[in-house]
Amino acid sequence: MELVTLDDISDAARRIAPDIVRTPLLSAAWGDPRRPLWLKPENLQPIGAFKIRGAFNALGRLDPDTRARGVVAYSSGNHAQAVAYAAAAYGVAAHIVMPEETPAVKVEATRGHGADVVLCGPGERERTAAELVETTGAVLIPPFDHPDIIAGQGTIGIEIAEDLADLAAVLIPVSGGGLASGIGTAIRALCPNAKVLAVEPELAADTAESLARGSVVEWPVAKRNRTIADGLRSTPSELTFAHLQRVVDDVITVSEDEIRAAVRELALKAHLVAEPSGAVALAGYRKADLPDGPAVAVVSGGNIEPTQLTAILADAQ
């Protein structure tokens, strides 16, 4: 199996530069002084999440005739918005499959970018997307199981290394594994002494179990769907798992209460709106046994239902 390289990620960075925000590192002064905390706010991207990077790289790598046929994607929300946004920028049709339980804010945002949204039942995303590819002739842009997606997400790692050469640890949300695979590959090459730590909910900890066993363990959909972190309910593919085995030092699992506390902390102390999936890296920072030195927590997304955010913030009263 051929894995993504730093050269692939560097190529992606040049390709997507006109279309994405190069997010800054924000100093979180309230962190542990021995492990200064920096936030990488990918919630500030145009679609509110890091997924825009992989989407633009994947669409940009298609030959024009193939791209003109349109694209299909399946996603619980952020990849859906990213592909819809990128497809609109390229002027091609987007057909997006989303689970019925997807937060309405993500469904409406995807439609707002001009995509045709098809809702499906639990565990039916891949099958429904395959049917759309067959009927429309469009090309599938998967959420994580593709080298171009991994390379696009890995551009975050290049930016972190450029901005913080003495990085000691990076904490990355993990689900399907595209983000951690890409960032981990870049950090391994550019900051070889830094620890790469994946963070996932205890209620969807299939990555932790898979890495411990040495092979992919797929939890039932209903079991993964228990977590509030709706963007972290996927299982790694064989491709992303191969990357994770190579680049991840450890997986930190966090509770639902720890995730909610991280959402509150980001809102009240960093003035950043993060969805639960986007806040898990901060929850991991609070829990992990980190080396001394600067640590970066990737805030991967901010697409949260207003009512959910209100309820989480109310818990702090």
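Our subject is the structure listed above.
These figures come from a predicted structure and were not determined experimentally. (Residues numbered from 1 in each chain as written. Predicted model: local features only at pLDDT ≥ 70, side-chain atom pairs only at ≥ 80, totals over all residues. Heavy atoms only, no water.)

Novice: Before we go on, may I ask you to explain the sheet that holds strand E4 (residues 94–99) in this structure?
Specialist: Each strand in a sheet pairs with another by means of backbone hydrogen bonds, the pair being arranged parallel or else antiparallel. Strand order in the open sheet made by the 4 strands is E5-E4-E3-E6, with parallel pairing throughout. The open sheet has two edge strands, strand E5 (116–120) and strand E6 (139–140), and neither has a second partner. When strand E3 (residues 71–74) meets E4, the two strands line up parallel, connected through 4 bridges. Across the sheet, Ala-73 pairs through a bridge with Ile-96, a residue of E4. Across the face of the sheet, helix H4 (residues 78–90) comes into contact with E3 and E4 while running at roughly 170 degrees to E4. (Pairing = 2+ DSSP bridges. Helix = DSSP H or I, 4+ residues; strand = E, 2+ residues; numbered from the N terminus. Contact = heavy atoms within 4.5 Å. Axes fitted to C-alpha atoms, helices over the stretch in contact; angles between N-to-C directions.)

Novice: Honestly, helix H8 (residues 178–190) in this entry has me stumped. Any pointers?
Specialist: Think of an α-helix as turning once every 3.6 residues; residues three or four places apart then point the same way. With 13 residues, H8 extends 18 Å between its outermost C-alpha atoms, agreeing within 8% with the 18 Å of an ideal straight helix rising 1.5 Å per residue. Among the 13 residues in H8, 10 count as buried, and that is most of the element. Where H8 is concerned, the buried positions are Gly-178, Leu-179, Ala-180, Ser-181, Gly-182, Ile-183, Gly-184, Thr-185, Ala-186 and Ile-187. Those residues of H8 that are buried lie in contact with helix H1 (6–16), helix H7 (147–163), strand E7 (169–173), strand E8 (195–201), helix H11 (238–247) and strand E10 (295–299). (Expected span 1.5 Å × (residues − 1). Buried < 20%, exposed > 50% of the residue type's maximum accessible area, 1.4 Å probe, protein only.)

Novice: Looking at this structure, I do not really get the packing of aromatic side chains. What am I missing?
Specialist: When we look at a pair of aromatic rings, we describe it by the centre distance and by the angle of the planes. In this structure the tally under the stated criterion is 2 aromatic pairs. Aromatic pair Phe-56 and Tyr-85: ring centres 6.1 Å apart, planes at 80 degrees, arrangement edge-to-face. Taken as a pair, Phe-56 in helix H2 (residues 51–61) and Tyr-85 in helix H4 lie far apart in primary sequence, 29 residues in all. With a relative accessible area of 26%, Tyr-85 lands in the partly exposed category. Arranged with centres 6.3 Å apart and planes meeting at 45 degrees, the rings of Phe-56 and Tyr-90 form a pair that is tilted. Here Phe-56 is found in helix H2, whereas its partner Tyr-90 is found in helix H4, with 34 residues between them in sequence. Here Tyr-90 falls in the partly exposed class, since its relative accessible area comes to 33%. Among the aromatic residues, ring-to-ring pairing joins Phe-56, Tyr-85 and Tyr-90 into one connected group. (Phe/Tyr/Trp six-rings, centres within 6.5 Å; stacked < 30°, edge-to-face > 60°.)

Novice: I keep staring at helix H13 (residues 276–287) and nothing clicks. Help me out?
Specialist: Over its 12 residues, H13 extends 16 Å from the first C-alpha to the last, a length consistent with the 16 Å expected when each residue adds 1.5 Å. For H13, the full list of buried residues reads Pro-276, Ser-277, Gly-278, Ala-279, Val-280, Ala-281, Leu-282, Ala-283, Gly-284 and Tyr-285.

Novice: Before we go on, may I ask you to explain the side chain of Thr-155 in this structure?
Specialist: In this fold, Thr-155 is placed in helix H7. On the accessibility criterion, Thr-155 (2% relative accessible area) is buried. Sequence-distant contacts of Thr-155, that is, excluding residues within four places in its chain, are made with Ile-9, Ala-12, Ala-13, Ile-16 and Arg-53.

Novice: I tried to follow the pairing of E4 on my own but got confused; where do I start?
Specialist: Side-chain positions along a regular strand alternate between the two faces of the sheet. The buried count for E4 comes to 6 of 6 residues, which makes it a mostly enclosed element. Taking the sense of rotation as the criterion, the β-α-β connection linking E3, H4 and E4 turns out right-handed. On the question of chirality, the crossover connecting E4 to the parallel E5 by way of helix H5 (residues 104–112) is right-handed. (Right-handed = clockwise from strand over helix to strand, strands pointing away.)

Novice: Honestly, the side chain of Arg-233 in this entry has me stumped. Any pointers?
Specialist: Checked against the element boundaries, Arg-233 lands in the loop between helix H10 (221–224) and H11. Despite its burial, Arg-233 pairs with no opposite charge, the nearest such side chain being Glu-101 at 4.9 Å. (Lys, Arg positive; Asp, Glu negative; His and termini not counted. Salt bridge = Lys/Arg side-chain N within 4 Å of Asp/Glu carboxyl O.)

Novice: Help me understand the packing of H4 against H5 in this model?
Specialist: Each pair of packed helices gets described by two things: the angle between the helix axes and the distance between those axes. With their axes 8 Å apart at the nearest point, H4 and H5 run at an angle of 10 degrees to one another. In terms of orientation, H4 and H5 fall into the roughly parallel class. In contact with Asn-78, Ala-80, Gln-81 and Ala-84 of H4, H5 contributes Lys-106, Ala-109 and Thr-110. (Parallel < 35°, antiparallel > 145°, perpendicular 65-115°, else oblique.)

Novice: Just to check I follow, could you spell out unusual backbone geometry for this structure?
Specialist: Backbone geometry follows two general trends: most residues other than glycine have a negative phi, and most peptide bonds adopt the trans configuration. We note that His-271 has phi near 60 degrees; this positive angle belongs to a residue other than glycine. The class for His-271 is exposed, based on a relative accessible area of 66%.

Novice: Before we go on, may I ask you to explain the nonpolar core in this structure?
Specialist: Where a protein is soluble and globular, its nonpolar side chains tend to be buried together. Counting residues in each nonpolar core, the largest one holds 33 residues, and the members touching the most others are Leu-37, Leu-39, Leu-171, Val-254, Leu-266, Tyr-285 and Leu-290. Sorting the residues of this core by element identifies strand E2 (37–41), E7, E8, strand E9 (250–254), helix H12 (256–269), H13, E10 and helix H14 (306–314) as the ones contributing at least two each. Tallying contributions element by element places H13 first for this core, with 6 residues. Leave out the neighbours within four places in its chain, and Val-254 touches Val-199, Glu-200, Pro-201, Glu-202, Ile-259, Val-280, Ala-283, Gly-284 and Lys-287. By size, the runner-up hydrophobic cluster in this structure holds 28 residues, among which are Ile-16, Ala-49, Leu-59 and Val-139. (Core = buried A, V, L, I, M, F, W, Y, C linked by side-chain atoms within 4.5 Å.)

Novice: Looking at this model, I keep getting lost on the sheet that holds strand E1 (residues 26–28). Mind explaining?
Specialist: Spatial ordering of the open sheet is given by E1-E2-E10-E7-E8-E9, a layout of 6 strands whose pairing is mixed. Only two strands of the sheet have a single neighbouring strand rather than two, namely E1 and E9. Across the sheet, the mean angle from the axis of one strand to that of its neighbour is 30 degrees, orientation sign disregarded. Inspection of the sheet shows E7 paired to E10 by 3 bridges, in the parallel sense. If you follow Ala-169 over to E10, its bridge partner there is Ala-295. Sheet strands touched by H12: E2, E8, E9 and E10. Its angle to E9, the strand with the most contacts, is close to 90 degrees.

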